[in-house]
Amino acid sequence: MRVRDHVALSTATAALLYPRLRGSVWGAWAASIFIDVDHYAWFAVRNRRLNPVVAVRSFNSAQSLEHAETRLLHHPAVLGALLLLSSRRRAFLLPVLGMTFHVGLDTYHRARTGAARSAALSRDRLTCQVCGAKDVDVVPHLWRQPRLLPSYRVEHHVTLCGPCHEVAHAPGTKAIVGLDCSWDSYLRQTGLRSRVPGSASKARS
């Protein structure tokens, strides 16, 4: 889930809880967002450079680097240990619950996204919708979604082969566009038609 979506959902939840929890709710709010520091800490250690912009670009690339090592603070064992600690230090409880809220959102997001991606692959019959490659390194690509909050609609996903997916995520292009962009406009913006030999694009709604 994108950072902006986490911020929006965490802020809305904090606002709902504020009348009951007052100022203490902001500790949970901050923890629910800054838990993602584990992604960037891992990137900095692995690449020996502290550059959040480059890190975000890597995580948003076609070959995303996300795996267990990038999500240390998200691990159930870490959250369990922190919950145990909060039983002795009550001040930690709300921040840990904020972190747990974030992980819960991620789990829900992965499940809904996984279902949409599988449906898109089935709909497209494992065929790249740009160049026509079939059954060779094809992946479901999210090309269109609202600017705020994620989309789980199958029509916002498209099957692309490896090379076409790389083009869609190439530096200087927008791999994911807003709802006002049509499929043909998307192909032009990403340069998929001109940069992929034998392009045989298929109109999408």
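Here is what the cut-offs are and how they apply
Residues numbered from 1 in each chain as written. Predicted model: local features only at pLDDT ≥ 70, side-chain atom pairs only at ≥ 80, totals over all residues. Heavy atoms only, no water. Core = buried A, V, L, I, M, F, W, Y, C linked by side-chain atoms within 4.5 Å. Buried < 20%, exposed > 50% of the residue type's maximum accessible area, 1.4 Å probe, protein only. Helix = DSSP H or I, 4+ residues; strand = E, 2+ residues; numbered from the N terminus. Axes fitted to C-alpha atoms, helices over the stretch in contact; angles between N-to-C directions. Parallel < 35°, antiparallel > 145°, perpendicular 65-115°, else oblique. Left-handed = near helix turned anticlockwise from the far one by under 90°. Contact = heavy atoms within 4.5 Å. Nonpolar A, V, L, I, M, F, W, Y, C, P; charged D, E, K, R; others polar. Salt bridge = Lys/Arg side-chain N within 4 Å of Asp/Glu carboxyl O.

A.B. asks: Can you help me understand the nonpolar core in this one?
C.D. replies: Across soluble globular proteins, you tend to see nonpolar side chains buried next to one another. If you look at the biggest cluster of nonpolar residues, it comprises 17 residues, and the most contacted ones within it are Val130, Leu160, Cys164, Trp183, Tyr186 and Leu192. Of all the secondary structure elements, the ones that give two or more residues to this core are β2 (157–160), α7 (162–168) and α8 (183–190). Core analysis: the next-biggest nonpolar cluster, separate from the first, contains 5 residues, Ala31, Ile35, Met99 and Val103 among them.

A.B. asks: Help me understand the packing of helix α1 (residues 3–21) against helix α6 (residues 93–123), please; the structure alone is not making it clear to me.
C.D. replies: The axes of two packed helices give the description: the angle between them and the distance between them. As a packed pair, α1 and α6 sit with axes 11 Å apart at the nearest point and diverge in direction by 140°. The orientation of α1 with respect to α6, classified from their angle, is oblique. Here α1 and α6 pass one another in a crossing that is right-handed. Judged by residue contacts, His6, Leu9, Ser10, Thr13 and Leu21 of α1 engage Leu94, Phe101, His102, Leu105 and Asp106 from α6. Residues belonging to the contact of α1 with α6 are distributed by class as follows: 5 nonpolar, 4 polar and 1 charged.

A.B. asks: Just to check I follow, could you spell out the environment of Tyr186 for this structure?
C.D. replies: Within the fold, Tyr186 resides in helix α8. Note: C-alpha distance between Tyr186 and Ala175 (11 residues apart in sequence) is 8.9 Å. With near-sequence residues (within four places) excluded, Tyr186 lies in contact with His141, Trp143, Ala168, Lys174, Ala175, Val177, Cys181 and Leu192.

A.B. asks: Would you explain helix α3 (residues 37–47) in this entry?
C.D. replies: When we look at burial in α3, the residues that qualify are Asp38, His39, Trp42, Phe43 and Ala44. A positive backbone phi angle near 55° is found at Arg48, which sits one or two residues after α3.

A.B. asks: I tried to follow the pattern of salt bridges on my own but got confused; where do I start?
C.D. replies: Here the idea is simple: oppositely charged side chains can pair when their charged atoms come close. For the structure on display, the rule yields 4 salt bridges. One salt bridge connects Asp180 with Arg147, and the closest N-O pair in it is separated by 3.8 Å. Note that Asp180 is positioned in the loop between α7 and α8 and Arg147 in the loop between β1 (139–142) and β2, a separation of 33 residues in sequence. Residue Asp180 shares its accessibility class with Arg147, and that shared class is exposed. For Arg153, the salt bridge is made with Glu155, and the minimal N-O distance between the two is 2.5 Å. Taking the relative accessible area as the measure of exposure, Arg153 reaches 48% and is therefore partly exposed.

A.B. asks: Teacher, can you tell me more about the packing of helix α2 (residues 25–34) against α6 here?
C.D. replies: Here α2 crosses α6 at 40°, and the two axes come no closer than 7 Å. By the angle between their axes, α2 is oblique relative to α6. Our pair here, α2 against α6, has a crossing hand that is right-handed. Contacts between α2 and α6 involve Gly27, Ala28, Ala31 and Ser32 from the first element and Leu94, Pro95, Gly98, Met99, Phe101 and His102 from the second. Looking at side-chain class alone, the contact of α2 with α6 contains 6 nonpolar, 4 polar and no charged residues.

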